[in-house]
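Breakdown of the fold
If you want the building blocks of each chain, they are given just below.
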Amino acid sequence: VIFMAIKGVRACRAKFKIDSSCSKMRLTCQPTKMNYINCGGGDRMVVKTGQRGRRYCNYERPQFSGSPVLPDTNPVFHTSYINLFLVAPSRRSRARCKIRCVRPIT
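First, a word on scope: everything that follows refers to the structure included in this document. (Residues numbered from 1 in each chain as written. Predicted model: local features only at pLDDT ≥ 70, side-chain atom pairs only at ≥ 80, totals over all residues. Heavy atoms only, no water.)

This brings us to the overall build of the protein chain. Counting its secondary structure elements, the protein chain contains 0 helices and 8 strands. With the principal axes as the frame, the protein chain shows a C-alpha extent of 45 × 30 × 25 Å. Considering the protein chain as a whole, with its 106 residues, one finds that 40% of them fall into the buried category. Here the contacts in the protein chain between residues at least 6 apart in sequence split such that 73% fall between residues at least 24 apart. (Helix = DSSP H or I, 4+ residues; strand = E, 2+ residues; numbered from the N terminus. Buried < 20%, exposed > 50% of the residue type's maximum accessible area, 1.4 Å probe, protein only. Contact = heavy atoms within 4.5 Å.)

We now examine the side chain of Arg61. Note that Arg61 resides in the loop between strand E5 (52–56) and strand E6 (76–78). The buried charged residue Arg61 lacks any salt bridge partner; its closest oppositely charged side chain belongs to Glu60, at an N-O distance of 9.7 Å. Here the side chain of Arg61 touches Gln30 through a polar contact of 2.6 Å, landing on its backbone oxygen. (Lys, Arg positive; Asp, Glu negative; His and termini not counted. Salt bridge = Lys/Arg side-chain N within 4 Å of Asp/Glu carboxyl O. Polar contact = N/O pair within 3.5 Å; in protein donor to acceptor, adjacent residues only side chain to side chain.)

A word on the sheet that holds E6. Here 4 strands make up an open sheet; going across it, the order is E1-E8-E3-E6 and the pairing antiparallel. Only two strands of the sheet have a single neighbouring strand rather than two, namely strand E1 (2–5) and E6. Adjacent strand axes in the sheet meet at a mean angle of 20° when their direction is disregarded. Judged from the 3 bridges that link them, strand E3 (residues 22–29) and E6 form a sheet pairing that is antiparallel. Counterpart to Leu27 in the pairing with E6 is Val76. (Pairing = 2+ DSSP bridges. Axes fitted to C-alpha atoms, helices over the stretch in contact; angles between N-to-C directions.)

The following block contains the structure:
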């Protein structure tokens with residue numbers, strides 16, 4: 001599944017629930033040109049799993065193998081659901097993220 005918010009979007013929210021054929025899912029976001037959160041303009045992107053939430057700003061994003069430069073940018077894993085929120089009053093933010101099953105039930 002691909003979550004995509006293009007430049008000009010004011011708000012976007014998605015809840016991804018795990019399917020019965022999967023025991024674990026992973027969220028990663030695309031390269032820098034496709035992902036920018038203008039926190040200085042009041043924008044925010046929040047990824048929430050259970051009670052834990054993480055806010056991403058500027059070029060921070062959950063990456064496939066994490067970033068050696070930016071802290072806490074590893075992929076997001078969960079066994080039940082992932083909530084993704086993008087609020088962009090400045091209309092300058094954009095995001096493209098992918099959610100996929102990484103542990104199918106056999």
